[in-house]
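A look at the structure
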Amino acid sequence: MRSIFVIAERELKTYFTSPIAYVVLTIFIFLTSLVFNFFVGLMVESAGPRAMQAAQTGRPPEPLDMPGVIVQNSFNWVSFILMLILPMITMALFSKEKERGTMELLLTAPVTDLQVVLGKFLAACSFYLILIATTLLHIVVLFTFSEPAKGPIFSAYLGIVLYGFALLAIGMFISTLTESQIVSVILTFTVIMLLWLVDAFTRGSSSGLAKAVSYLSILEHLNDFLVGVVSTSHIIFYLSLMLVGVFLTYRSLDSLRWRG
Amino acid sequence: MISVENLTKRYVTKTAIEGMSFRVEKGEILGFLGPNGAGKTTTMRIITGYMPSTEGSVKVDGFDVAEQPLETRRRIGYLPENPPLYTEMTVKAYLKFVAKLKGVTGVKVDDDVNRAMEKVNITDVQERLIAKLSKGYKQRVGIAQALLNDPPVLILDEPTIGLDPKQISEVRELIKSLAGNHTVVLSTHILPEVEQTCHRVIIIDRGRIVAVDTPQNLRSQIQGGARVVIEVDGPAAEVLAAMKATPGVASVRVNTQDEHRSTFHVDVEGGRDIRSDLARTVVQAGWGLLALQSENMSLEDIFIKLTTAEESTPQAAS
């Protein structure tokens, strides 16, 4: 357990000693703030017409959880932004170790391969949580100026965290396949796009196969979380995707040893 | 300390090492000598547990590398061919990380790091980024890394590569000072290095062990004994007879001959030094001893002889 933290600690420090952490944080904060700002504006604009409508009909406006709608729509966009950003978090995990020969240090140290993998994954997940935590600022704004329902916000965060962890595990696996960070980031991005697009391929078809394939769509499973539904099947989907990624990484290290 | 049995590593397209067996005793310095691509690095990678072997076994301090990898790795300090450095870290931060990775805890981390830095003389650069260091310093940081947690076995893959002559001799002295408490296996293709630092040498060529011995014995073994060139002022036939009678002489040949002086090539039976005996024989007979010289093949000659002789020997296709 200690070895995992030793590896994770070094990895996390590396994020912040290289420009990558700051680039990722800057892009993410800029884009998410833009999205948040847009939806807040939209809701404020729609408040006028709704009040007018209520005055005309003489009835009170239909209840609408405005902060909830803002969170739901913002997070929809955040999930897109993350598709672009997450590959940058995992691109160096193993490819850089391979490139500069430090892999030999890790794989001959008195630690197991699993500890190496989990240490790296822990670092990537920790950095991801820091990234996601920056959006809490928006939530603070919502709580300052309105009274949002807490449930959906909590479930949206749960969903986005699970979603991110699953993608990080896939990205980590891909980083073991190449020595080049550029290849790693592009390949990860491609795989994530495919996992997103399977949904589009199967739309409109109702065959069993189409259903099975669309089950793999990574975004599909996020929607329920964003509207406040926490369903076990979605949690299991993301967790299993994550475990597959971690397992593949582990196997990939083993194969690296054989190939030398 | 290390025992290697019938070690074989095959890749899909080529065999890197084949049927290698040897032992390294505690406190010994063993040198791997061979041309590039001979299988030195592969062998070391298998011993350190970086790579599994196709066949055969490696035991370090009684533990099998394949079955108890953590036990063996705990006992080995390894310097790979390219020092495994996190260049964005400072020397000290890097060494601390490696120490912790090797299981050093608490206050011992600082002590261990300081000890290793002192041993390779890099204390003055401890706060510098590794990326900014010269090649020689980087190499020494790599050696320091291997020394952390004071492992009983050190595996050093080309430890003096990229160093300037002064640093090379420093590193050699360091390695020599490690013998006794540590068992050292080092690889090199620089021959004087082996002669100066190693107790025993294993010459590897194309994945096979060609010879194992001390650097001194290797010389005499290959040559079938040393050769002495002697120049004498005296009657050639008599001198020849007298020399043949000297114990330890295998054969004598007249090389050049004129009225007064003759040069003889005396082949000596394996491993003996009979120069003083020869001198005495000549002087006691009243002849003039003009020159006496022992001709040693350098390890370089032996190495070339061994690795090229193999080439002409037909090998069973594996």
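Cut-offs and rules
Residues numbered from 1 in each chain as written. Chains lettered and ligands numbered in written order. Predicted model: local features only at pLDDT ≥ 70, side-chain atom pairs only at ≥ 80, totals over all residues. Core = buried A, V, L, I, M, F, W, Y, C linked by C-beta atoms within 7 Å. Buried ≥ 20, exposed ≤ 12 C-beta atoms within 10 Å, placed from the backbone. Helix = DSSP H or I, 4+ residues; strand = E, 2+ residues; numbered from the N terminus. Contact = placed C-beta atoms within 7 Å. pLDDT = per-residue confidence, 0-100.

**Overview of the nonpolar core**
Membership of the largest hydrophobic core comes to 127 residues, with the highest contact counts inside it found for Ala124(A), Ala166(A), Leu168(A), Ala169(A) and Leu95(B). Top contributing element to this core by residue count: helix H8 (residues 150–175) of chain A, with 14 residues. Once residues lying within four places of it in the same chain are set aside, the contact partners of Ala124(A) are Ile89(A), Thr90(A), Leu93(A), Leu168(A) and Met172(A).

**Looking at the confidence of the model for chain A**
A residue-level look at chain A finds 100% of positions with pLDDT of 70 or above and a mean pLDDT of 90. Across chain A, the element-wise mean pLDDT spans from 77 in helix H10 (residues 208–214) of chain A up to 96 in helix H6 (residues 113–133) of chain A.

**A short note on the environment of Ile274(B)**
All names here are of chain B. In this structure, Ile-274 sits in the loop between strand S13 (261–268) and helix H10 (275–284). On the neighbour-count criterion, Ile-274 (21 C-beta atoms within 10 Å) is buried. As a C-alpha pair, Ile-274 and Leu-163 span 111 residues in sequence and 40 Å in three-dimensional space. Contact partners of Ile-274, with chain neighbours within four places excluded, come to Thr-246, Gly-248, Val-249 and Val-268.

**Thoughts on unusual backbone geometry**
Residues and elements named next belong to chain B. Of note in the backbone geometry, Asp-61 takes a positive phi value of approximately 55° without being a glycine. With respect to the secondary-structure elements, Asp-61 resides in the loop between strand S4 (55–60) and strand S5 (63–64). The backbone of Arg-206 shows a phi angle near 45°, a positive value even though the residue is not glycine. Along the chain, the position of Arg-206 falls in the loop between strand S9 (200–205) and strand S10 (208–213).

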